[in-house]
Amino acid sequence: MLKRTRTVIGSLAAAAVMTLAPIGAIADTYWQCVPFARLISGIQIFGDAYTWWKQAPGRYETGFSPKTGAVLCFKPTGKMTLGHVAVVSQVLTDRVIQITHANWSRIGGTRGQIEKDVTVIDVSPKGDWSTVKVWYDPVRDLGSTTYPTYGFIYQDAQAIRVANSGFNAAQNAAIAMAQSAASQVVSTVRPGAGPLAMLGQAADSTDRIAALIQAALSQPSSEQK
């Protein structure tokens, strides 16, 4: 039931974001990279971005070649202590891809925004995507910074279904109703925020709650000890 609930909420939020999003950044809400990557990839891994790579074996295939829908996992760095995750939206060449991700560039001076089809180039000596450069919107270029990565986590059939399920007509209708309800209460809950901000808050809160419940359920009960 917990997994089903997370899946439904995730599909709805993903559909809301990707259906209503213009090309470029989306500034109506604050998204962390982890819940956003999970929502649009369907890959059900929880926890900080840098933990995804170690959690994936036995659950999802991993590798060092990009595929559309796969999650690219960044290693922690000095300024990015929790790592980063992004979803491959297009494979252009064996060393150039586009990703869709959240909370990367400062756009209009703020973080937590979504960027679609951002260029990433493999600059690793062996061509194994272990080091990349990422488009950074404020400078309108790739910049000089290189980022180490673990590799790619690939979608399984269930992840693909989850990622795609948010775009059908029934769920889009549900999203429209959710947005209407959010619009009616948003000024009371958080003055100045838009309906997508409410959905973003809900997705992030659901992520944290679900992770806590999952951790609690994994602990043996007193009868099992």
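Anyway, here's the lowdown on the structure attached to this text. (Residues numbered from 1 in each chain as written. Predicted model: local features only at pLDDT ≥ 70, side-chain atom pairs only at ≥ 80, totals over all residues. Heavy atoms only, no water.)

Check the secondary structure of the protein chain and you find 6 helices and 8 strands. N-terminal to C-terminal, the α/β element order of the protein chain is α-β-α-α-β-β-β-β-β-β-β-α-α-α. By residue count, 44% of the 225 residues in the protein chain fall in the buried class. When contacts within the protein chain are restricted to residue pairs at least 6 apart in sequence, those whose partners lie at least 24 apart make up 54%. On the protein chain, roughly 11,500 Å² of surface is accessible, and the fraction owed to carbon and sulfur atoms is 56%. (Helix = DSSP H or I, 4+ residues; strand = E, 2+ residues; numbered from the N terminus. Buried < 20%, exposed > 50% of the residue type's maximum accessible area, 1.4 Å probe, protein only. Contact = heavy atoms within 4.5 Å. Areas by Shrake-Rupley, 256 points an atom, 1.4 Å probe, with all protein chains shown as cover.)

A separate point is the packing of aromatic side chains. For the structure shown, the criterion picks out 7 aromatic pairs. With a centroid separation of 6.4 Å and 75° between ring planes, the pair formed by Phe74 and Tyr147 is classed as edge-to-face. Taken together, the residues Phe74 in strand 3 (residues 71-74) and Tyr147 in strand 8 (residues 147-153) connect sequence positions 73 residues apart. Among the aromatic residues, those joined into a ring-pair cluster are Trp53, Phe64 and Tyr150. Residue placement shows Arg38 over the ring face of Phe46; its charged tip is 3.9 Å from the ring centre. Here the guanidinium or amino end of Lys67 rests over the ring plane of Tyr154, the centre of that ring lying 4.5 Å away. (Phe/Tyr/Trp six-rings, centres within 6.5 Å; stacked < 30°, edge-to-face > 60°. Lys NZ or Arg CZ within 6 Å of the ring centre and 35° of its normal.)

Let's shift gears to the environment of Thr100. Looking at where Thr100 falls in the secondary structure, it is placed in strand 5 (residues 96-102). You can call Thr100 buried: its relative accessible area is 6%. Residues Thr100 and Ala37 lie 63 residues apart in sequence; the distance between their C-alpha atoms is 8.2 Å. Among the polar contacts made by the side chain of Thr100, one reaches the main-chain amide nitrogen of Asp117 at a distance of 3.4 Å. (Polar contact = N/O pair within 3.5 Å; in protein donor to acceptor, adjacent residues only side chain to side chain.)

Right, let's get into the pairing of strand 7 (residues 131-134). Burial along strand 7 is one-sided: the residues Val132 and Val134 are buried and none of Thr131 and Lys133 is. Bridge count for strand 6 (residues 114-122) against strand 7 is 3 bridges, and the pairing is antiparallel. Bridging from a neighbouring strand, Asp122 pairs with Val132 of strand 7. Two elements, strand 7 and strand 8, share 2 bridges in a ladder whose sense is antiparallel. Along strand 8, the bridge assignment pairs Thr131 with Pro148. (Pairing = 2+ DSSP bridges.)

Turning our attention to the pattern of salt bridges. A complete count under the given rule lists 2 salt bridges for this structure. The residue Asp137 makes a salt bridge to Arg140 at a minimum N-O spacing of 2.3 Å. (Salt bridge = Lys/Arg side-chain N within 4 Å of Asp/Glu carboxyl O.)

Moving on, we get to helix 2 (residues 33-41). Extensive coverage of helix 2 is indicated by the burial of 9 of its 9 residues. Of all the positions in helix 2, only Cys33, Val34, Pro35, Phe36, Ala37, Arg38, Leu39, Ile40 and Ser41 are classed as buried. One or two steps after helix 2, the chain reaches Gly42, where phi turns positive at roughly 80°.

As a further point, take the environment of Phe74. Taking relative accessible area as the criterion, Phe74 reaches 0% and is therefore assigned buried. Separated by 77 residues in sequence, Phe74 and Gly151 have C-alpha atoms that sit 7.6 Å apart. Excluding residues that lie within four positions of it along the chain, Phe74 makes contacts with Met80, Gly83, His84, Ala86, Trp104, Val132, Val134, Tyr147, Pro148, Thr149 and Tyr150.

This part takes up the pairing of strand 8. With 5 of 7 residues buried, strand 8 lies mostly within the body of the structure. Sheet topology note: the strand 3/strand 8 ladder contains 4 bridges and is antiparallel. By the bridge assignment for strand 8, Phe74 is matched with Thr149.

Below, the discussion takes up the nonpolar core. Most often, soluble globular proteins have nonpolar side chains that are buried together. Ile43, Ile45, Trp52, Val71, Cys73, Val85 and Ile153 are the most contacted members of the largest nonpolar core, which has 22 residues in total. At the level of secondary structure, the elements contributing two or more residues to this core comprise helix 2, helix 3 (52-55), strand 3 and strand 4 (84-93). Residues in contact with Cys73, not counting those within four places in the same chain, are Trp52, Trp53, His84, Val85, Thr149, Tyr150, Gly151 and Ile153. Ala70, Met80, Ile99 and Tyr154 belong to the second-largest nonpolar core, a separate cluster that totals 17 residues. (Core = buried A, V, L, I, M, F, W, Y, C linked by side-chain atoms within 4.5 Å.)

None of this, on its own, says anything about what the molecule does.
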